[in-house]
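Structure assessment
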Amino acid sequence: MADEMKMARAQQVYELLCTAVDNRNWTYEKVEEDMAVRFVVNGDDIPLQMAVLVEPQKELVTVLSPFPFKMSENKRMEGAIAACSASFGMADGSFDYDISTGGIAFRLVASYRGSQISEGVLQYMISCSCAMVDKYNDRFLALEKGMISIENFINMD
């Protein structure tokens, strides 16, 4: 019974998520079996790959934005420091960093357990994620390409 209630609630949240993206007049892909939407946003310089997922068992909405590049082996430690530095002090969201592959993704999560989630919250999650990815993706790429040092990365802003 509890699982059925979680699935029904997740379906409501997923429908609200689709409405939120529809109201932006964005083109997106629905992945209904995963309760996800995927879309690309034009950033200042690098397109932003975005996925928003409703996770019924955890009662979460997650925005994920994997970067289209990875840190090379010789830049992996700098990538880890950069991910920590960029995430430190963020009010919402953080950068996930896989030191074994050099992969970077931004993640922002909100729980709807025992509460109502609004379209405004979903819009905020999308906007916040886009802003953070757009702010930092070119910095990570510049670090990867050796165009800036880790010290420069940390001291930007």
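All values derive from a computational prediction rather than experimental measurement. (Residues numbered from 1 in each chain as written. Predicted model: local features only at pLDDT ≥ 70, side-chain atom pairs only at ≥ 80, totals over all residues. Heavy atoms only, no water.)

**Remarks on the pairing of strand E5 (residues 94-98)**
Alternating residues of E5 divide into Phe95 and Tyr97, all buried, and Ser94, Asp96 and Asp98, none buried. As paired elements, E5 and strand E6 (residues 103-111) share five bridges and run antiparallel to each other. In the strand pairing of E6, Tyr97 is matched with Ile104. Following E5, the chain reverses through four residues before pairing antiparallel with E6; Gly102 in that reversal takes a positive phi of roughly 85 degrees. (Buried < 20%, exposed > 50% of the residue type's maximum accessible area, 1.4 Å probe, protein only. Helix = DSSP H or I, 4+ residues; strand = E, 2+ residues; numbered from the N terminus. Pairing = 2+ DSSP bridges.)

**Some words on the sheet that holds E5**
Taken in spatial order, the six strands make up an open sheet running E1-E2-E3-E4-E6-E5, and their pairing is antiparallel. The open sheet has two edge strands, strand E1 (29-31) and E5, and neither has a second partner. The sheet shows a mean angle of 25 degrees between the axes of neighbouring strands, taken without regard to direction. Here E1 runs beside strand E2 (residues 36-41); their pairing, made up of three bridges, is antiparallel. Across the sheet, the residue bridging to Glu29 is Arg38, located in E2. Helix-sheet contacts for helix H3 (residues 119-144) involve E2, strand E3 (48-55), strand E4 (60-70), E5 and E6, and the interaxial angle to E4 is about 20 degrees. (Axes fitted to C-alpha atoms, helices over the stretch in contact; angles between N-to-C directions. Contact = heavy atoms within 4.5 Å.)

**Concerning the packing of aromatic side chains**
Counted by the stated rule, this structure contains nine aromatic pairs. Summarising the aromatic geometry, the rings of Phe95 and Phe106 are spaced 5.3 Å apart at their centres and angled 70 degrees between planes, so their arrangement reads as edge-to-face. Of the two residues, Phe95 is situated in strand E5 and Phe106 in strand E6; the sequence distance between them amounts to 11 residues. Ring centres 5.3 Å apart and planes at 55 degrees place the aromatic pair Phe95 and Phe140 in the tilted group. On the criterion of sequence distance, the pair formed by Phe95 in strand E5 and Phe140 in helix H3 is long-range, its members being 45 residues apart. The same class applies to Phe95 as to Phe140, namely buried. An aromatic cluster of three or more residues is present, and its members are Phe67, Phe69, Phe95, Phe106, Tyr136, Phe140 and Phe153. Between Arg24 and the ring centre of Trp26, over which it is positioned, the NZ or CZ distance is 4.7 Å. Above the ring of Tyr136, the side-chain terminus of Arg139 is found at 5.0 Å from the ring centroid. (Phe/Tyr/Trp six-rings, centres within 6.5 Å; stacked < 30°, edge-to-face > 60°. Lys NZ or Arg CZ within 6 Å of the ring centre and 35° of its normal.)

**Remarks on the pattern of salt bridges**
Enumeration according to the criterion identifies four salt bridges in this entry. Salt-bridge contacts for Glu55 lead to Lys58; the nearest nitrogen and oxygen are separated by 4.0 Å. A relative accessible area of 24% places Glu55 in the partly exposed class. A salt bridge links Asp96 to Arg107; the nearest nitrogen and oxygen atoms lie 2.8 Å apart. Placement of the pair is Asp96 in strand E5 and Arg107 in strand E6, with a sequence separation of 11 residues. Owing to a relative accessible area of 23%, Asp96 belongs among the partly exposed residues under this scheme. (Salt bridge = Lys/Arg side-chain N within 4 Å of Asp/Glu carboxyl O.)

**Focus on a nonpolar patch on the surface**
Taken together, the side chains of Met77, Ile81, Ile99 and Ile154 present a nonpolar region at the surface, about 370 Å² in accessible area. With respect to the secondary-structure elements, Met77 resides in helix H2 (residues 76-87). (Patch = residues over 30% accessible without salt bridge, like charges linked within 9 Å, V, L, I, M, F, W, Y side chains within 5 Å. Areas by Shrake-Rupley, 256 points an atom, 1.4 Å probe, with all protein chains shown as cover.)

**What about H3?**
Look at H3: 37 Å from first C-alpha to last across 26 residues, which is about the 38 Å you get at 1.5 Å a residue. Of all the bends found along H3, the most pronounced is centred on Tyr136 and spans about 30 degrees. Note on H3: the residue one or two positions beyond its end, Gly146, has a positive phi of about 80 degrees. (Expected span 1.5 Å × (residues − 1). Bend = angle between axes of the 7 residues up to and from the residue.)

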